[in-house]
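Residue-level structural notes
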Amino acid sequence: MNLYATDKEYKERFDCFLEEVKNDEGNKLDEPTRYLAILSVLMGNQGICAYEEVLEKALDVLSPIQVKEMVYQATDYLGYGRMLEFLKVTNEVFNKKGIELPLQSQTTTTIENRLEKGIQAQVDIFGEHMNEAWKKATVNKWLASNCFGDYYTRTGLDLKQREMITFCFLYAQGGCKPQAIAHAKANIRLENHEAFLIKVVSQNVPFVGYPRSLNAIDCIEKAGKE
């Protein structure tokens, strides 16, 4: 899709804004973090065409494993129905670039210990009160065993990276304000501080738009106060 051929004025102005955002002194991120945040936001807002466009460039600074781990984790926050198209596109881009599939396994848990390990991951991220949270309801148990036990325990991304992309999944899809605040608090607890999260949101303004960006900043500010 060559927008310079069909929509030159628009594309020139959009690309100019992208560079302005990327190079803004108060909101710069290292390139791996920036691309990880952008890709996860594009998954959150279902920007499949933009995701494919960005992924081509992101693989210059992100490993295939980092990308795949982000895509897999999106299952818990977007659902299989919204994740699958991105997994297919990711595999297509990998094939085009000669990246051999499947990638090396990043699993660290078994079906037998995933609940135990998932609870521990929740404790590491949110605090000791999570030792009992899984007992509240079946969904809470699945949250511990599946979301955290199956995904957060995997290698390839660390907990700080996983919490950052989770915040991106949540705010980019909209309608998840309580969860976005909770995960902003988790980010801050892991030392992804408020200023860092605001940089993440700022770098994604061109990809997610102003309403959800402003809502995300509000969630960060509320999390910081709490």
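Note that the structure is predicted; figures quoted are calculated from it, not measured.

**As for the side chain of Gln-106**
Locating Gln-106 in the fold gives a position in the loop between α6 (80-96) and α7 (114-126). Gln-106 gets classed as buried once you look at its relative accessible area, which sits at 9%. One polar contact links Gln-106 to Thr-155, side chain to side chain, over a distance of 2.6 Å. At a separation of 3.4 Å, a polar atom in the side chain of Gln-106 contacts the main-chain amide nitrogen of Gly-156. Apart from residues lying up to four places away in sequence, Gln-106 is in contact with Ile-65, Glu-69, Arg-154, Thr-155 and Gly-156.

**A closer look at the pattern of salt bridges**
Taken as a whole, this structure holds 14 salt bridges when the rule is applied. Across the pair Lys-8 and Glu-12 runs a salt bridge whose closest N-O atoms are separated by 4.0 Å. Taken together, the residues span about one helical turn, with Lys-8 and Glu-12 both in helix α2 (residues 8-22) at a distance of 4 residues. Here Glu-12 falls in the partly exposed class, since its relative accessible area comes to 39%. Notably, a salt bridge pairs Glu-56 with Lys-97, separated by 3.9 Å at the nearest N-O pair. Residue Glu-56 is located in helix α4 (residues 48-58), and its partner Lys-97 is located in the loop between α6 and α7; the two are separated by 41 residues in the primary sequence. What makes Lys-97 partly exposed here is its relative accessible area of 38%. Sharing partners across several salt bridges, the network here consists of Lys-22, Glu-31 and Arg-34.

**Points about the nonpolar core**
Membership of the largest hydrophobic core comes to 64 residues, with the highest contact counts inside it found for Leu-39, Met-43, Tyr-51, Val-67, Met-70 and Phe-167. Non-local contacts of Tyr-51, meaning those with residues more than four positions away in its chain, are made with Leu-39, Leu-42, Met-43, Val-67, Met-70, Val-71, Phe-86, Val-89 and Thr-90.

**Considering the packing of aromatic side chains**
For any pair of aromatic rings, the description consists of the separation of the ring centres together with the inter-plane angle of the planes. Applying the stated rule across the entire model yields 6 aromatic pairs. Here the aromatic rings of Phe-126 and Phe-148 are separated by 6.1 Å at their centres, their planes lie at 80 degrees, and the arrangement is edge-to-face. With Phe-126 in helix α7 and Phe-148 in helix α9 (residues 138-152), this residue pair connects regions lying 22 residues apart in the sequence. No difference in accessibility class separates Phe-126 from Phe-148, as the two residues are buried. On the numbers, 5.3 Å between centres and 40 degrees between planes, the contact of Phe-167 with Tyr-171 is tilted.

Rules of the game
Residues numbered from 1 in each chain as written. Predicted model: local features only at pLDDT ≥ 70, side-chain atom pairs only at ≥ 80, totals over all residues. Heavy atoms only, no water. Helix = DSSP H or I, 4+ residues; strand = E, 2+ residues; numbered from the N terminus. Buried < 20%, exposed > 50% of the residue type's maximum accessible area, 1.4 Å probe, protein only. Polar contact = N/O pair within 3.5 Å; in protein donor to acceptor, adjacent residues only side chain to side chain. Contact = heavy atoms within 4.5 Å. Salt bridge = Lys/Arg side-chain N within 4 Å of Asp/Glu carboxyl O. Core = buried A, V, L, I, M, F, W, Y, C linked by side-chain atoms within 4.5 Å. Phe/Tyr/Trp six-rings, centres within 6.5 Å; stacked < 30°, edge-to-face > 60°.

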